[in-house]
Each structure stands twice: as structure tokens, then as C-alpha cells.
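Residues per chain, in single letters:
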Amino acid sequence: MGGARAKRMPRAVREQQMMDAAVQTFGQRGYQAASMDEIAELAGVSKPLVYLYLNSKEELFVACIRRETKSLLDAVRSAVEPGLPADQQLWAGLLAFFTHTAENPDGWAVLSRQARTEPFAAEAALLRDEIVAYVATLIGAAAEETHRQTDRDPELAERDVAGLSQALVGAAESLAIWANETPGMTAWESAATLMNFAWAGLGNLMQSERWSPR
């Protein structure tokens with residue numbers, strides 16, 4: 001009976017189960033320690049079926065990186081409403097980011113720790129660039145909004161926006177790793193911490209007020 005039900009299960013559902021099991025196993029055990037036997041057992045399927053659908057452990061892990069990156073980006077993008085003021089857009093994005101990483105600790109472990117190792121570092125870097133590019137659009141939009149409201153040129157060159165985006169994403173990644181390892185730390189607290197740290201500086205830049213060494 002169980003085998004008959006498994007055979008009738010749609011391919012997409014099977015793949016989802018296998019991917020969920022893979023993310024959990026890779027996230028908790030690491031790529032090297034994780035085995036296809038563990039993943040198959042957790043998914044409730046045979047190991048040959050995992051190989052049939054996803055070919056190899058390496059390809060399965062790359063698929064996990066891509067799925068978890070897309071899931072994270074979708075969560076952030078869907079939370080940001082274009083019509084909101086710039087600070088509220090950034091706040092919504094940060095809160096969505098920390099909420100998603102807190103609610104999906106295994107997926108975040110795959111992205112923040114396991115995917116950084118060889119031979120996956122290049123793949124992870126490409127996908128991280130997508131996140132940085134999206135943050136750059138938020139910072140660029142904030143600069144444009146300030147220009148419209150104050151008739152000031154915020155003087156944020158493309159290089160400034162790129163650097164600020166890298167810095168903000170790097171800070172968010174580090175804080176999310178720490179927050180997931182710190183009992184009692186909430187997504188709201190994490191987002192508020194980074195918002196207070198980042199927006200004060202960004203706000204000054206938007207007003208063309210730059211710090212410089214004396």
C-alpha cells in the first residue's frame with residue numbers, strides 16, 4: 001500500500017520532499033558529513049530514486065543553494081512595498097531577511113556556512129551578488145527620494161552604492177549567523193539593531209553629510 005501511494009505521488013512533491021530533507025541534512029551535518037543514505041531515509045524514498053531525480057550529491061547541494069537563495073530573495077522582495085518611504089522599505093527588507101533566516105535555520109546554514117566552501121564558493125558568490133544587487137536598488141531609490149524631497153544631490157555615485165550594498169549585506173549575514181546562535185534573539189531585534197546601525201549613516205549620506213578623518 002505504502003509503495004503504491006509513493007508511486008502515485010507527483011514528481012514535484014517527491015522532489016520537494018527530497019530537497020527539504022537535503023537542506024535539513026546539509027544544514028545540520030555539513031556537506032562532507034551528510035550522506036545520500038541519510039537524505040533518502042529522511043525523505044522517505046530510496047537512495048536510487050534520489051540519484052534518479054538529482055544525479056549526484058554535488059548537484060543536489062547546488063540545487064539546495066539555488067532554492068534557498070531564491071526563497072530568501074522572494075521573502076525580502078515580497079515584503080518591500082515600492083510606495084513606502086526609503087527607510088520603511090529598508091526596514092521591511094531587513095525584517096523579512098531576519099525573519100526568514102530565523103524561521104529557516106537549516107537553509108540559512110547551507111547559504112551562510114556550507115555554500116562558502118569549495119567547490120561551491122563560486123556558485124554561492126554569484127547568488128550572493130543577486131542579493132547585493134537588490135540592496136543596491138533600495139539604496140539607489142533612497143538617494144533618489146531624498147533628491148526629490150530636498151532638491152539636494154545626495155552625491156551617491158555608483159561606486160558608493162555598490163560599496164554600501166556590500167557592507168550592508170555583509171553585516172546582515174554576520175548578524176543573522178550570530179542571532180541564530182543566540183537564544184532569545186528575535187528577528188525584530190536583529191533588524192532593529194542593523195537598522196539603527198545602518199540608517200543613521202545612510203541618512204547622513206542622503207543629506208550629503210559625509211564623515212571624514214580629521
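This is a predicted model, so every value here is computed, not measured.

**Q** Would you mind showing me how to read the confidence of the model for the chain here?
**A** Reading fine detail from the predicted coordinates is not recommended where pLDDT is low. For the chain, per-residue confidence averages 84 on the pLDDT scale, and 83% of positions sit at 70 or higher. Mean pLDDT in the chain bottoms out at helix 1 (residues 2–8), which sits at 50, and peaks at helix 7 (residues 105–112), which reaches 94. When the criterion is pLDDT under 50, residues 1–6 qualifies, and its contacts beyond four places in sequence or with other chains add up to 1 contact.

**Q** Would you mind showing me how to read empty space enclosed by the protein here?
**A** Any space left empty among the atoms is revealed by the rolling of a water-sized probe across them. Applying the stated criterion across every chain yields a total of 3 cavities of 30 Å³ or more. Its boundaries defined by the atoms lining it, the largest cavity holds a volume of some 190 Å³. Broken down by secondary-structure element, the contributors of at least two residues to the lining of the largest cavity are helix 5 (57–79), helix 6 (86–103), helix 8 (121–150) and helix 9 (158–180). Here the lining of the largest cavity gets 5 residues from one element, more than from any other, and that element is helix 6. Here the residues of the lining of the largest cavity sort into 13 nonpolar, 2 polar and no charged.

**Q** What should I look at first to understand the pattern of salt bridges in this one?
**A** Using the criterion set out here, one finds 9 salt bridges in the structure. The salt bridge partner of Asp20 is Arg67, with a shortest N-O separation of 2.9 Å. On the criterion of sequence distance, the pair formed by Asp20 in helix 2 (residues 11–29) and Arg67 in helix 5 is long-range, its members being 47 residues apart. Asp20 sits in the partly exposed class, given a relative accessible area of 37%. Here Arg116 and Glu173 are joined by a salt bridge, their closest N and O atoms 3.4 Å apart. Separated by 57 residues along the polypeptide, Arg116 in the loop between helix 7 and helix 8 and Glu173 in helix 9 bring together distant segments of the chain. Judged by relative accessible area, Glu173 falls into the buried class, the value being 11%. What emerges from the salt-bridge pattern is a single network uniting Asp20, Arg67 and Glu68.

**Q** Looking at this structure, how should I read the environment of Ala191?
**A** Along the chain, the position of Ala191 falls in helix 10 (residues 187–206). Using a relative accessible area of 0% as the deciding quantity, one classes Ala191 as buried. Those residues in contact with Ala191, other than ones at most four positions away along the chain, are Trp91, Leu94, Leu95 and Phe98.

Reading the values: the criteria
- Residues numbered from 1 in each chain as written.
- Predicted model: local features only at pLDDT ≥ 70, side-chain atom pairs only at ≥ 80, totals over all residues.
- Heavy atoms only, no water.
- pLDDT = per-residue confidence, 0-100.
- Helix = DSSP H or I, 4+ residues; strand = E, 2+ residues; numbered from the N terminus.
- Contact = heavy atoms within 4.5 Å.
- 1 Å grid on protein atoms, 1.4 Å probe; cavity = no way out; pocket = protein on both sides within 12 Å on 5 of 7 lines; lining within 4 Å.
- Points joined across faces, edges and corners; volume = space filled by probe spheres on them.
- Nonpolar A, V, L, I, M, F, W, Y, C, P; charged D, E, K, R; others polar.
- Salt bridge = Lys/Arg side-chain N within 4 Å of Asp/Glu carboxyl O.
- Buried < 20%, exposed > 50% of the residue type's maximum accessible area, 1.4 Å probe, protein only.

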